[in-house]
Amino acid sequence: MNILGLLMAGLLNQTMSLENNARRAGGMKGDVFVKAGGMGVSLRFDGQGIIIMKGPTKRPRARVGGAMEDLLSMVTGGGLVGPVLSGKVRIGGNPFFLLKMLPLIQAS
């Protein structure tokens with residue numbers, strides 16, 4: 001696993017301890033590919049939890065990419081809209097799936 005995957009695992013361990021987030025993740029199905037700092041991981045929502053895999057999967061429902069500092073800023077409360085509108089963070093696929101996933105990756 002790469003550093004990005006380890007960071008995601010730590011963040012998800014923290015946020016999944018909240019009952020609402022665990023319930024939300026349990027209701028989601030599909031993959032999200034996240035790319036930052038030359039690294040990529042896929043988050044697989046299988047209807048029961050989240051599996052983190054190194055690299056992309058065949059058909060992710062959504063994609064997010066950008067510099068590590070911009071993505072870290074987003075998950076630590078630095079704002080969401082600005083980085084996307086400025087092009088610092090790029091999204092693709094189903095934006096509604098990303099919005100549903102957002103509470104799971106935002107540090108408290």
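Since this is a predicted model, take the numbers as computed values, not measurements. (Residues numbered from 1 in each chain as written. Predicted model: local features only at pLDDT ≥ 70, side-chain atom pairs only at ≥ 80, totals over all residues. Heavy atoms only, no water.)

Engineer: How should I be thinking about the sheet that holds strand β4 (residues 62-66) in this particular structure?
Structural biologist: Remark on secondary structure: sheet strands pair via backbone hydrogen bonds, oriented parallel or antiparallel. If you trace the five strands from one edge of the open sheet to the other, you get β3-β2-β1-β4-β5, paired in mixed fashion. Both outer strands of the open sheet, β3 (50-54) and β5 (89-93), are each paired with one neighbouring strand and no more. Between one strand and the next, the sheet's axes are offset by a mean angle of 15°, whatever the strand orientation. Bridging between β4 and β5 involves five bridges; their strand directions are antiparallel. When the bridges of β5 are listed, Ala62 appears paired with Gly93. Running at roughly 40° to strand β2 (residues 39-46), helix α1 (residues 3-15) makes contact with β1 (29-36), β2 and β3 of the sheet. Contacts from helix α5 (residues 95-105) reach β1, β2, β3, β4 and β5 within the one sheet, and its direction differs from that of β1 by about 80°. (Pairing = 2+ DSSP bridges. Helix = DSSP H or I, 4+ residues; strand = E, 2+ residues; numbered from the N terminus. Axes fitted to C-alpha atoms, helices over the stretch in contact; angles between N-to-C directions. Contact = heavy atoms within 4.5 Å.)

Engineer: Looking at this structure, I do not really get α1. What am I missing?
Structural biologist: Given 3.6 residues per turn, any residue in an α-helix points the same way as the ones three and four places further on. Counted at 1.5 Å a residue, the expected span for α1 with its 13 residues is 18 Å, and the 18 Å between its end C-alpha atoms agrees. Those residues of α1 that are buried are in contact with α2 (19-26), β1, β2, β3, α3 (68-75) and α5. Where α1 begins, the side chain of Asn2 points an oxygen toward the backbone nitrogen of Leu4, at a separation of 3.3 Å. (Expected span 1.5 Å × (residues − 1). Polar contact = N/O pair within 3.5 Å; in protein donor to acceptor, adjacent residues only side chain to side chain.)

Engineer: Teacher, can you tell me more about the side chain of Asp70 here?
Structural biologist: Take Asp70: it is sitting in helix α3. Buried charge without a partner: Asp70 forms no salt bridge, and the closest opposite charge is Lys88, 4.7 Å away. Not counting residues within four places of it along the chain, the set of residues in contact with Asp70 comprises Lys88 and Val89. (Buried < 20%, exposed > 50% of the residue type's maximum accessible area, 1.4 Å probe, protein only. Lys, Arg positive; Asp, Glu negative; His and termini not counted. Salt bridge = Lys/Arg side-chain N within 4 Å of Asp/Glu carboxyl O.)

Engineer: For this particular structure, what's the right way to read α3?
Structural biologist: Among the residues of α3, Met68, Asp70, Leu71, Met74 and Val75 are the ones counted as buried. One face of α3 carries all of its buried residues, which in axial projection span an arc of 165°. Backbone geometry just downstream of α3 places Gly77 in the positive-phi region, at approximately 95°. (Arc of directions from axis to C-beta.)

Engineer: Any chance you could explain the packing of α1 against α5 here in plain terms?
Structural biologist: For any two helices packed against each other, the geometry comes down to the angle between their axes and how far apart the axes lie. Contact geometry of α1 with α5 gives a least axis separation of 8 Å together with a crossing angle of 85°. Accordingly, the angle class assigned to the pair α1 and α5 is roughly perpendicular. Taken together, the residues of α5 that come into contact with α1 (itself represented by Met8, Leu11, Leu12 and Thr15) are Pro103, Leu104 and Ile105. Across the contact of α1 with α5, the residue classes tally to six nonpolar, one polar and no charged. (Parallel < 35°, antiparallel > 145°, perpendicular 65-115°, else oblique. Nonpolar A, V, L, I, M, F, W, Y, C, P; charged D, E, K, R; others polar.)

Engineer: What exactly am I supposed to notice about the nonpolar core here?
Structural biologist: The nonpolar side chains of soluble globular proteins are, as a tendency, buried together. In this structure, Leu4, Val32, Phe45, Met101 and Ile105 are the most contacted members of the largest nonpolar core, which totals 26 residues. Ignoring anything within four residues of it in the chain, the contact list for Met101 reads Met28, Val32, Leu43 and Phe45. (Core = buried A, V, L, I, M, F, W, Y, C linked by side-chain atoms within 4.5 Å.)

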